[in-house]
Amino acid sequence: MAIFLIVLLLLGLALELWSLYDGLKHVEADFAPARDRVEPGTPFRLDYWAANRGRLPISYLRLELGVPISAEVPGGEEAEEERFTKFIPSVFRLWGRQRRQRSLELILRNRGVHIFDALRLTRGDFLGLSQVKEEKYLRREVLVYPRPVENDALSMALGSYCGDVIAARYLIQDPILTAGIREYAGREPMKTITWSQSARRGALYVREFDYTREESCGVLLCTNGLGPLENELLDLCCSIARTVTETLTQKGVQVALHTNAPLWGYIGNRVWSCSAGPGRMADALDTLARVYAASRCPAVELAGTVSRAARGNAYILIAPRHVPEIDEALEALRGLSGAQVIPVYAQEWMEEKAE
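Visitor: Teacher, can you tell me more about helix H7 (residues 324-337) here?
Guide: Counting along an α-helix, one turn takes 3.6 residues, and residues three or four places apart therefore face a common direction. With 14 residues, H7 should cover 20 Å at 1.5 Å per step; its first-to-last C-alpha distance of 20 Å lies within 8% of that length. All buried positions along H7 are accounted for by Ile-326, Ala-329, Leu-330, Leu-333 and Ser-337. Relative to the axis of H7, the buried residues are bounded by an arc of 100 degrees and lie together on one face. Every exposed residue of H7 that faces more than 90 degrees away from the buried side is listed here: Pro-324, Glu-331 and Gly-335. Against the buried residues of H7 lie strand S12 (216-221), helix H6 (299-309), strand S15 (314-319) and strand S16 (340-345). One or two positions beyond H7, positive phi appears at Gly-338, with a value near 70 degrees.

Visitor: I keep staring at the confidence of the model for the chain and nothing clicks. Help me out?
Guide: Low pLDDT means the predicted coordinates in that region are not meant to be read closely. Here the chain averages 82 in pLDDT, while 76% of its residues score no lower than 70. At the level of individual helices and strands, the chain shows its lowest average pLDDT in helix H1 (residues 2-22), which scores 54, and its highest in strand S2 (residues 37-38), which scores 96. Per-residue pLDDT stays below 50 along residues 170-177; that stretch engages in 10 contacts with residues further than four places along the chain or on separate chains.

Visitor: I tried to follow the state of the cysteines on my own but got confused; where do I start?
Guide: Two cysteines form a disulfide when their sulfur atoms are joined by a covalent bond. Under the criterion given, the structure shown has zero disulfides. In this structure Cys-237 is not part of a disulfide, and its nearest cysteine sulfur, from Cys-238, lies 6.8 Å away.

How each quantity is defined
- Residues numbered from 1 in each chain as written.
- Predicted model: local features only at pLDDT ≥ 70, side-chain atom pairs only at ≥ 80, totals over all residues.
- Heavy atoms only, no water.
- Helix = DSSP H or I, 4+ residues; strand = E, 2+ residues; numbered from the N terminus.
- Expected span 1.5 Å × (residues − 1).
- Buried < 20%, exposed > 50% of the residue type's maximum accessible area, 1.4 Å probe, protein only.
- Arc of directions from axis to C-beta.
- Contact = heavy atoms within 4.5 Å.
- pLDDT = per-residue confidence, 0-100.
- Disulfide = S-S within 2.5 Å.

Okay, here's the thing in structure tokens:
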């Protein structure tokens, strides 16, 4: 019996010494979001795993996931907050050569780029007398898109703006688009009557137009006049830009999105542009998710760059508030492009919603 106890003690001592020596040398861990682009308030899954690459078991391994402090955990898991990070713990017990994976459901409600960049590992020794700790710095991004506009009055106004752009093709009389003539039915506008054909045929005839010409619109998101901490106003600007862009693309209008705001993770030109045609909204949504409160160039420079780069049938300029700098940009854009330019000021809609 004594020999058996001595063997157990020696075996326990050997395992204790081995666990102290081995530490986290044979431990691997990582995590990744199941989706890196989500709508605000939509749950998504964060997958994480731990693996024991050694031959002997690990009796206690504590893995702490570092998530943005704004992240919500519907499951109610405990969390420890430190500055801008929230650490969510999970305990593993691993046999030799074993890998275990788990998932966590999270919700992010704020537009922007959310960074997951920390992972803490703690391994206890065999007898539970001491611990070995390590912190790994990783970088995983999750983009949260801006919300579509929910204000009824704003939605109606945007619908009117978009309707004006879409209807422009019916207001422009271009002889190249004339598809033919037909007899006057009494309901057509007088300006559509072709007098030469009417005189030749002895009856009133009107021109028929082919309205299949592709319409295009430039949406400008201008951040001049925006304070560095006015995130709510910036979010509303991005929501308006999303609603305008989606409304136009759903009507078959080719849209180009332009902004002079800097983008998280990108070092680019003073004006950033991307296409947002039907079926190509991903680039525009990514851009609106990455925008933050600053300006790379004056509003007039944004207007000049856009008018020289591509000529649209209409432009919608979205700005935080009505300031003289925006008026100058509007005049420059109208003068350089000769197209219809519609301003939308986010602060006005915010004040109306507050009332």
